[in-house]
Amino acid sequence: MMSKTTERSRFSGKSGSEMTGWAWLALPGIAFVVVLFLVPLGGMVLVSLGMPDWTVFHYARLLDTTAYLSIMKTTLAISVTVTALAVVIGYPFAYVLTTSGKALRTFLLICVVLPYFTSVLVRTFAWLVLLGRGGVLNEIMLGLGLTSMPIQMLYNRFGVIVGMVHIVLPMIILPLYTVMSGIDGRLVRAARACGASPAGAFVSVFFPLSVPGVVAGVMLVFIYCLGFYITPALMGGLSDTMITMAISSQVVDQLNWAFGSALSVVLLASVVALLWIGSRFFPLDRLLGLKRGLSTASGEGHHVSSLWLTGLAAAVNRLGDTGPAFGARLLPVFAFVVGLMLLAPGAVITYLSFSSAKYLVFPAPGFSLHNYQAYLSDPTWLRATFVSLRVAVLAGLIATILGTLLSLGLMRGNLPGRNGLLILLLTPIIMPTVVVAVAIYFLFVQFGLQGTEIGLAIAHAVYAMPFVVVIVLTSLQSLNPSLEKAGLSLGANPVAAFRTITFPLIRPTLIVAGFFAFLNSFDDVVYALFLGAGKLNTLPMRMWEGIKQDVSPTISAVATLQMLLAALAITLGSLMTPRAK
Amino acid sequence: MTTDTPALLGQVSLKGVSRHYGTFVAVDDVSMDIAPGEFISFLGPSGSGKTTTLMMVAGFEIPDRGAITLDGKDITRLPAHRRELGIIFQNYALFPHMTVAENVAYPLRMRRAGRSAIAERVARMLDLVQLAPFADRYPSQLSGGQQQRVAIARALVFDPPVLLLDEPLGALDKKLRQHLQEEIRFLHRRMGKTMIYVTHDQDEALAMSDRIAVMSAGRVHQLAAPEEIYRHPTDRFVASFMGESNFIRVTRADGGFRNAQGQPVPVAAGADTAGDPVVFVRPENIRIEPPEGAGGPGRLDGRIEDLTYVGDSSMLSVGIGSERLSVKVLNRSGSTAWQIGDRCRVFWDPDDALLLPDG
């Protein structure tokens, strides 16, 4: 009896329902999320209710003031528009990505991944340079005689939407691509063999099977848009104020924490509601980045009712082949152009960073390294860089260590209710950063942690740890469990077996995860904006200030270096992660 | 043999069909005529071009050269969905988001059949494959064998004259394979459709086909009935791909053939090939007896070097000089119990040996 239980717990995992010793490893990570994520968010709800003098005044004010109602309408309008555009552009792009030949696919993948890992601030800066009155696009149009006067493309709805669509496109393309590449190509052939034309097969078979990807992508993008701060704040006009900007102005400028909290709670509640709705169509752990959930049971997914789609396909079949076939031939061209547009902002910034001009003018009159020299000789830029490096290294370490322990604990600890726990632990990924930053700020103020490097690093770790968990869990799940058992059978004790077998195998993953956690922290503006409390000048903060003041050309050099870092991260990631089968 | 349709439709011809991918020749000048109602297998190792050939018949690949006709009509460039061919794919390719009934109804809906006609034909088809109680299930809720029957029903519901099967039994265990082979053969007898069956499994091809096209490197090596392929392979590839075989290098000497030791090797007058040929003989056709035995014409003396027991029979490896011959003996009660190291004598009927070109 005794030996039976030890046997079970030693070989950890599936059998038995009792917790194993591994469960303890999850404790620090869980505590971290509870103390620095759940408690602050709960505290924020209390603040919004006027604690200790309870009141619903702030919510009432929210509903009474037309200004705030219109802000919420604007937020909704922008988010819906951006999400819709992202689907319309992203779906055909992902389709081509899935079905095209190797050369085009590689190019398109680079077009998606490179911007995806470039910081939002850098990409927004690039759009400012592209769309400004004297910007690249206006110069080109003037040069071609397409317009006689510069067109106003910034600080209005157009600018906000262009910038936001560019930033969210990779977020919708990647889940679409994942789902589409999981669709068995033989299904489409089978439809054709059953008499469906290429367009008919697409409508009745491929499209319905790709719907989970659409749902996941739309959810991610829409939620991200609701909590989007940087791009609308930098590119929008007065009439484009979104809820995040109102929160920031209440908390930072007006010091009206209670009302800022009420606004944050509204945003928070909307996101939670959306996640709840989304979870009915798509498992949340997969939405948050995991390929496989922790539970072994593979739930029957919702199938899109295909009857009317089959009817539509039958109608499409009658159209003949010319129209749809013509469209199919245009698709790769469309994807190629979108790919170029995804790359363009980064490419233009890189090009302009080597310009010899004193200002960001297009085209560059000549080439020099003076922007890089300016960066390296300016003590404020350098100081900001070192602050960022220190914070990011610290944040990366905290996130990687806690995240790894947490993954091991979740994987092998047999914790009760671990699926729900996992989803809870991953939510910081999708919660609007502004809301979380404000909540943590309220907490930190009570301990004097605001404006400190360690405080900022801890907050960054809250955001980065779930990414580490996603990466490490995926790697642990793909590990052959018999390897460690083989170690045990050869005389290693459980600790030695882990140290000599499992750890070396997941070490590359840990390095990648740590680097991504570092990069997350290194690129962050929002947390620094709130938690820096005006005292902490990180590199992105220095850029943010620079952009708001005068769009200094030095920023182009810094931005280029950051993109280089992102490219490095991608290369590292693809070199270190074992080839997926 | 009863058939639902008069066995007139379903004549498929390939004329000099080739398919290249860059410099790689996937299918090289393949020609054949497939009779209506015939069951023909494309057999070969992976990369032999069998699936590519099938996909050209199906319309998913277009030949670089050559023509494919169906009942005299050129279909070389006809889009796949207009060919009216039933196809059963590897792993069946059932639509996971449609029920069994919706899967089977799909071809009819694409042809815009009337609602009642669809219901009636789907019901009849599901009855035929004994899946009527499962009409509203999703494919993932069915066993492998049931899934295959759905695939068959879907491929046949629009009454195509030809059924193409792309290694449909590829991923199944042995027992289920045999069961499903029987079902497919039963279906073939009953429906009288032309069937083109791709497989890499010799036993499967031998058991099911009217004729087999043995393919390698994009070419058809031999196209003939199973027994002919097994007993009279036209070249060394076909001989070695179909079951176990022995090849003995021989040289011509005074009207007969001799092995490396200079002993005569019996073979009935076979193919007259240029150069030095090989003598091919199946392990089960070699008879073996103790060294003092009477033997037959052209006996060879050797020694048992290895022995593999496989239940109903044993495979002996007999060393003769530098060559080894595989000999299959049936394990009947009372038959000689051979041991490794025993000396022995082997011989065979010259009619069971065949002269093949070496290469």
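Here the structure is a predicted model, which means the values were calculated and not measured. (Residues numbered from 1 in each chain as written. Chains lettered and ligands numbered in written order. Predicted model: local features only at pLDDT ≥ 70, side-chain atom pairs only at ≥ 80, totals over all residues. Heavy atoms only, no water.)

Trainee: Explain the pattern of salt bridges to me, using residue names and the numbers behind them.
Mentor: All names here are of chain B. Applying the stated rule across the entire model yields 17 salt bridges over all chains. Taking the shortest distance from any N to any O, the salt bridge between K50 and E167 comes out at 3.7 Å. Separated by 117 residues along the polypeptide, K50 in helix 1 (residues 50-58) and E167 in the loop between strand 7 (162-166) and helix 5 (174-191) bring together distant segments of the chain. Like E167, K50 is buried. Two residues, E120 and R124, come together in a salt bridge whose shortest N-O distance is 3.5 Å. One end of the pair is E120 and the other is R124, both in helix 3 (residues 115-128) and four residues apart, which spans about a single turn. The class for E120 is partly exposed, based on a relative accessible area of 46%. Through salt bridges with shared partners, a single ionic network connects R19, E61 and D64. (Salt bridge = Lys/Arg side-chain N within 4 Å of Asp/Glu carboxyl O. Helix = DSSP H or I, 4+ residues; strand = E, 2+ residues; numbered from the N terminus. Buried < 20%, exposed > 50% of the residue type's maximum accessible area, 1.4 Å probe, protein only.)

Trainee: Pulling in residues and values, what's your account of the confidence of the model for chain A?
Mentor: Residue and element names in this part refer to chain A. Averaged over all residues, the pLDDT of chain A equals 87, while 92% of them reach at least 70. Of all the helices and strands in chain A, helix 1 (residues 2-10) carries the lowest mean pLDDT, 40, while helix 4 (residues 66-99) carries the highest, 95. Counting contacts from residues 1-15, a segment whose pLDDT is below 50, to residues more than four positions away or on other chains yields 14 contacts. Note that residues 296-300 has pLDDT below 50 and, in this model, one contact with residues that lie over four places away or in other chains. (pLDDT = per-residue confidence, 0-100. Contact = heavy atoms within 4.5 Å.)

Trainee: Which residues make up the domain arrangement of chain B, and what values do they have?
Mentor: Residues and elements named next belong to chain B. By domain assignment, chain B separates into domain 1 (12-236) and domain 2 (244-356). Placing the centre of domain 1 and that of domain 2 at their C-alpha centroids yields a distance of 40 Å. The partner domain 2 presents eight residues to the eight residues of domain 1 that form the contact. With both sides pooled, the region where domain 1 packs onto domain 2 buries about 680 Å², and carbon together with sulfur makes up 53% of that total. Between the two partners, domain 1 and domain 2, sit zero salt bridges. For the pair domain 1 and domain 2, the number of links is two residue pairs in polar contact (both at pLDDT 80 or more). In terms of residue count, helix 7 (residues 226-231) provides more of the side of domain 1 that touches domain 2 than any other element does, three residues in total. Looking at side-chain class alone, the side of domain 1 that touches domain 2 contains three nonpolar, two polar and three charged residues. (Domains from an automatic or database assignment. Buried area = accessible area lost by both parts, 1.4 Å probe. Polar contact = N/O pair within 3.5 Å; in protein donor to acceptor, adjacent residues only side chain to side chain. Nonpolar A, V, L, I, M, F, W, Y, C, P; charged D, E, K, R; others polar.)

Trainee: Requested: an account of the sheet that holds strand 3 (residues 39-43) of chain B, with residues and values cited.
Mentor: Residue and element names in this part refer to chain B. The six strands are arranged 6-7-8-3-9-10 in an open sheet whose pairing can be described as mixed. One side of each edge strand has no neighbouring strand; the edge strands of this open sheet are strand 6 (86-88) and strand 10 (219-224). Neighbour-to-neighbour, the strand axes of the sheet open up by a mean angle of 15 degrees, direction not taken into account. The pairing of strand 9 (residues 211-216) with strand 10 spans five bridges and is classified as antiparallel. The residue bridging V214 from the neighbouring strand is Q222, located in strand 10. Of the strands in this sheet, strand 6 and strand 7 touch helix 4 (residues 144-156), which is tilted by about 165 degrees from strand 6. (Pairing = 2+ DSSP bridges. Axes fitted to C-alpha atoms, helices over the stretch in contact; angles between N-to-C directions.)

Trainee: Tell me what's going on with the domain arrangement of chain A, and back it up with residues and numbers.
Mentor: A common measure of how large an interface is: the accessible area buried when the components associate. All names here are of chain A. Considered domain by domain, chain A is made up of domain 1 (20-41 + 364-581) and domain 2 (56-282). Here the C-alpha centroids of domain 1 and domain 2 sit 23 Å apart. If you look at the interface, domain 1 gives 33 residues, while domain 2 gives 30 residues. Carbon and sulfur atoms supply 89% of the area that domain 1 and domain 2 bury against each other, a total of about 2700 Å² over both sides. Scanning the region where domain 1 abuts domain 2 turns up zero salt bridges. Taken together, the connections running from domain 1 to domain 2 amount to one residue pair in polar contact (both at pLDDT 80 or more). Every element with two or more residues in the side of domain 1 that touches domain 2 is listed here: helix 20 (433-447), helix 23 (494-523), helix 24 (526-531), helix 25 (539-549) and helix 26 (554-576). The element contributing the most residues to the side of domain 1 that touches domain 2 is helix 26, with eight residues.

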